[in-house]
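Observations on the three-dimensional arrangement
Read off the chains here:
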Amino acid sequence: MTSTTAASSSRDDEPIHIELELVRAEAADDAFAFRFARQTYLVRGAQGSYETTELPWSRELLRDLEEVRTPDRDPATVARVGELLRELLDPAGWSRHEATIVEARASRRRVHITIRSAAAELYALPWELLTLRADGQHLGALDHVLLRYAWPGTATVSAEPEAIDGPGRVLVAWSAGGGGVPAAEQTKAIERAASATERDDAVEVLPNASYGSIADALEAAAATGRPFRALHLLCHGAEVGSTFGLSLDAEDDGRPAVVDAGRLQQLLAPHAHALRLVVVAACDGGNMGQPGNRIGSVAQRLHRAGVQYVIASRYPLSARGSTRMAGALYQALLEGESVERGFVEARTAASREVSQLDWASLQLYARPEDGDRGHVLVPPTAPKAAPEPAPSPEPAVAVTAPTTDVLASAPPPTPRTSRWVAYLAVASTTIIAVFLILAFIPDEYLEEDPEEDDYPAAVVGTTTPGSSEGIEDERATYETYDTFAETHGTYADTYETYADTHETNGDTAAEPEREQVTVSKQNKTTKPPRANPAITTTRPSKRCGSGIKELVRDSLPSSGGRYDLEAWAREDGRVVLGKCPDCGDAAGKAKSGLQKIKSSTLTSNWKDELPCRTTIDWQ
C-alpha cells in the first residue's frame with residue numbers, strides 16, 4: 001500500500017492519495033487463476049516492498065457475500081464482512097492509512113483510495129464496507145473519501161480534442177426488455193438537472209434501446225461532429241452463464257436480448273475517444289459473477305477497453321436509489337463539478353434509500369493517472385490567474401550630505417546668513433502647503449456642522465417582490481446615509497430582515513408591499529452595526545460540499561410534495577432559500593426550516609466553502 005499526501009491542507013487542493021496494489025502470491029501472472037481455498041496475497045508497501053496476507057475463501061464467506069446483496073440482510077453480516085476486509089489489509093500496514101483517513105476527516109481533507117488488483121477475484125469484494133477500527137464506520141459511507149478501482153496494465157484511450165471541445169451531451173438509453181424500469185422518473189431527474197443549469201440541449205433520450213439502436217445513435221452523433229460525451233444505460237441486469245450482462249430490447253420485435261460484457265465492450269470501445277463516461281444503471285452491472293471467470297463484469301470490461309470513467313452497481317440497485325443517484329450525479333456534472341466529486345454526491349444521495357445498500361454497491365472504475373478532476377459535460381474552468389504582486393513602494397530617497405568637492409567649491413556662508421535662509425525656506429514651504437490644502441478641499445467640508453434637524457430624512461421606497469434591484473437600491477441608500485448612521489436604529493433592523501427575504505426567489509411566494517419608512521432623529525438609539533458589503537445577494541457560483549448539503553436537507557420539514565430547491569449559504573453562515581420555482585405556498589415552510597440553521601455551525605466547520613449553493617430534492 002502506498003500513499004501520497006498533498007502539501008497543502010486546503011480542502012479544495014489536491015487530495016491525499018492511498019493506493020492499494022494487490023497480487024496473488026500463486027500464479028501471479030494470471031489474474032483469473034483463482035482457487036476456491038485459502039489464498040495468500042501480496043500487498044505493496046510504502047517503500048515498494050510487499051507484505052503477505054491471507055484470505056480464507058470459504059463457503060461461509062460466499063454465503064456472507066450473497067446475504068449482503070439481499071434487502072433482508074442481517075446487519076451483523078455486513079459488519080462481519082467489513083471487519084474481514086480490514087483484517088485482510090492489517091498485515092500490510094492498513095492502520096497507518098486508517099489514521100490518515102481519520103485525520104483527514106477532522107481537517108476536512110479529501111482522500112482518494114485506488115484499489116488496483118492483479119487478482120480478478122478481489123474485485124468481487126465490497127471494499128466500500130471495510131470498517132474503520134476507531135468508530136466502525138464503513139469506508140464508502142465517508143463523504144470525504146472517494147474509492148475507485150483500476151485494472152493494472154491498462155490505459156485510458158486518448159481523447160480527440162475536437163470530440164471533447166465545448167459542452168458535452170449525454171445519451172440516456174433505457175430498455176424495459178427485462179422488465180419495468182423507472183424510465184420516466186430517471187429521465188425526468190436527469191432532464192431536471194439539465195434545466196436547472198440551463199443546459200436543456202445536453203440530454204437526448206433513446207427509448208426502448210436495443211444493441212443496434214445504441215450503436216446507431218452513437219454513430220449518428222459522431223457523424224454530426226457532436227459525439228456523446230456520456231452514456232447512461234437504464235435497464236435490467238441478467239445472468240449470462242457464470243457472469244452478468246444487460247437485458248436490452250430486441251432488434252426486430254423478437255425476444256429481448258441479454259448482452260454480455262464482452263459484446264458491450266465491442267459496442268462501446270470504438271467510441272472511447274469521445275465517450276468519456278458510461279453509467280450502467282442496472283442491477284449487477286459491476287458484478288463479475290463467479291470469482292475467477294475470465295469475462296469479468298460489464299463495468300470492468302468497459303474500463304479495460306479504455307473508457308475513462310465507468311459507474312456501475314455490483315449488487316441489485318433499487319429504482320428509487322438509482323433515480324436519486326442519477327439526479328445527483330448529473331446535477332453535479334452539469335454544474336461543472338468533476339466526475340470524482342459527482343460520484344461522491346451520487347453515492348451520498350443513494351444512501352438515503354435505507355432498504356438497500358445502494359451506496360455500498362456503487363463502483364467507480366477510473367485510473368489515478370488521469371488525475372482527480374475529470375470534467376465530462378462542462379469544460380473545466382480555467383484557474384484564476386494569480387494576482388500580480390503589488391508594486392513595491394519606491395525606495396525612499398536618502399538625503400546625503402554634499403561631497404567634499406562641492407563644499408570646497410562653494411563659499412562658506414556666514415552663520416547669520418545660513419540661519420535666515422533656513423527660516424525663510426520653512427516659512428515659504430508652510431505658506432504654499434496651506435494654500436494648496438485650501439484650494440483643493442470641497443466647500444462643504446469648510447462649512448459649519450449643520451444641526452441635527454438639517455439632516456435629510458432617510459426614506460426607503462417600495463420594492464418589487466423578487467427583484468434584486470430593490471436590494472441593491474436599499475444597500476445604496478444605506479451607504480448614502482452612512483454619515484448619520486446614528487439615526488438609523490429602527491431602519492437598520494428593518495433593513496436586515498427585509499434584505500434576507502429578498503435573497504430568495506421572488507416566484508416562490510408573494511411578498512407584502514413595503515411601507516415607506518421615514519427615519520428621523522426621533523429613531524435615534526444605539527448606533528447599529530454597519531451592513532457588511534462583502535455579503536453577496538447574488539447566486540453563489542460555487543457548490544456546497546456534502547456536509548452543508550446534508551445539514552440543509554436535515555433542516556427542511558416535510559414538503560408534502562416534491563420540489564427542486566436551491567439554498568444559498570452566505571459568507572456569514574446564514575442559509576437562505578435561493579430558488580424553488582414550483583414550491584408555491586411550501587416556500588414558507590422551507591424558509592422557516594433554513595432559518596433554524598445556526599450560522600456559527602457553517603462558519604466554524606465549512607468557512608472555506610462559503611459562499612456556496614446546494615440543490616436539494618425536497619420531499
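The rules behind each value
Residues numbered from 1 in each chain as written. Predicted model: local features only at pLDDT ≥ 70, side-chain atom pairs only at ≥ 80, totals over all residues. Heavy atoms only, no water. Helix = DSSP H or I, 4+ residues; strand = E, 2+ residues; numbered from the N terminus. Buried < 20%, exposed > 50% of the residue type's maximum accessible area, 1.4 Å probe, protein only. Contact = heavy atoms within 4.5 Å. Areas by Shrake-Rupley, 256 points an atom, 1.4 Å probe, with all protein chains shown as cover. 1 Å grid on protein atoms, 1.4 Å probe; cavity = no way out; pocket = protein on both sides within 12 Å on 5 of 7 lines; lining within 4 Å. Points joined across faces, edges and corners; volume = space filled by probe spheres on them. Nonpolar A, V, L, I, M, F, W, Y, C, P; charged D, E, K, R; others polar. Core = buried A, V, L, I, M, F, W, Y, C linked by side-chain atoms within 4.5 Å. Phe/Tyr/Trp six-rings, centres within 6.5 Å; stacked < 30°, edge-to-face > 60°. Lys NZ or Arg CZ within 6 Å of the ring centre and 35° of its normal. pLDDT = per-residue confidence, 0-100. Pairing = 2+ DSSP bridges. Axes fitted to C-alpha atoms, helices over the stretch in contact; angles between N-to-C directions. Expected span 1.5 Å × (residues − 1). Polar contact = N/O pair within 3.5 Å; in protein donor to acceptor, adjacent residues only side chain to side chain.

Remarks on the overall build of the protein chain
Looking only at helices and strands, the protein chain has 17 helices and 20 strands in total. In the protein chain, buried positions account for 48% of the 619 residues. Counted over contacts in the protein chain with a minimum sequence separation of 6, partners at least 24 positions apart contribute 77%. Summed over its atoms, the accessible surface of the protein chain is roughly 30200 Å², and 53% of this surface lies on carbon and sulfur atoms.

Quick look at the layout of surface pockets
Reported here for the second largest pocket is a volume of approximately 460 Å³. What lines the second largest pocket is a set of 24 residues, and nearest its centre among them are Glu-66, Arg-69, Asn-287, Gly-289 and Gln-290. Put simply, the parts of the chain that give the lining of the second largest pocket at least two residues each are helix H1 (59–68), strand E11 (243–248) and strand E15 (362–365). Split into classes, the residues belonging to the lining of the second largest pocket amount to ten nonpolar, ten polar and four charged.

Side note on the nonpolar core
Counting 79 residues, the largest nonpolar core has Ile-101, Ile-113, Leu-125, Trp-127, Leu-139 and Ile-214 as its most contacted members. Per-element accounting of this core gives the leading share, six residues, to helix H5 (residues 211–223). Apart from the residues within four sequence positions on either side, Ile-214 is in contact with Ala-173, Leu-206, Ala-209, Leu-233, Leu-248 and Leu-267.

Details of the packing of aromatic side chains
Scanning all chains against the criterion turns up seven aromatic pairs. Consider the rings of Phe-32 and Trp-151, whose centres lie 5.9 Å apart with planes at 25°: the pair is stacked. Of the two residues, Phe-32 sits in the loop between strand E2 (16–24) and strand E3 (38–44) while Trp-151 sits in the loop between strand E6 (145–150) and strand E7 (170–174), which places them 119 residues apart along the sequence. Using a relative accessible area of 13% as the deciding quantity, one classes Phe-32 as buried. With a centroid separation of 5.8 Å and 45° between ring planes, the pair formed by Tyr-563 and Trp-618 is classed as tilted. Residue Tyr-563 is found in strand E18 (residues 563–569), and its partner Trp-618 is found in strand E20 (residues 612–618); the two are separated by 55 residues along the sequence. The burial state of Tyr-563 is the same as that of Trp-618; both residues are buried. Put simply, the rings of Phe-32, Tyr-123, Tyr-149, Trp-151 and Tyr-365 touch in pairs and so form one group of aromatic residues. Taking the ring centre of Phe-228 as reference, the NZ or CZ of Arg-169 above it sits at 4.4 Å. When the ring centre of Trp-151 is taken as reference, the NZ or CZ atom of Arg-304 above it lies at 4.5 Å.

Brief notes about the confidence of the model for the protein chain
Regions with low pLDDT carry predicted coordinates that are not meant to be interpreted in detail. Here the protein chain averages 79 in pLDDT, and 72% of its residues register 70 or above. Ignoring residues within four places in sequence, the model shows residues 392–421, a span with pLDDT below 50, making two contacts including any to other chains.

Side note on the sheet that holds strand E19 (residues 575–579)
Pairing is antiparallel across the open sheet formed by three strands, whose spatial order is E19-E18-E20. A single partner strand is all that each edge strand has here, and the edge strands are E19 and E20. With direction set aside, neighbouring strand axes in the sheet form an average angle of 35°. Bridge analysis of E18 against E19 gives four bridges, and the strand direction is antiparallel. Looking across to E19, one finds that Ala-567 is bridged to Leu-577.

Points about helix H8 (residues 319–334)
Under the 1.5 Å per step criterion, the end-to-end length of H8 is 22 Å for 16 residues, consistent within 8% with the ideal 22 Å. Two to three positions downstream of the cap, the backbone nitrogen of Gly-321 sits 2.9 Å from a side-chain oxygen, assigning the N-cap of H8 to Ser-318. Just past H8, the residue Gly-336 takes up positive phi, approximately 95°.

Regarding the side chain of Ser-117
With respect to the helices and strands, Ser-117 occurs in strand E5 (residues 111–117). At 2.9 Å, the side chain of Ser-117 and the backbone oxygen of Ala-119 are in polar contact.

As for the pairing of strand E10 (residues 236–240)
Pairing geometry for E10 and E11, over five bridges, is antiparallel. Bridging from a neighbouring strand, Gly-237 pairs with Leu-246 of E11.

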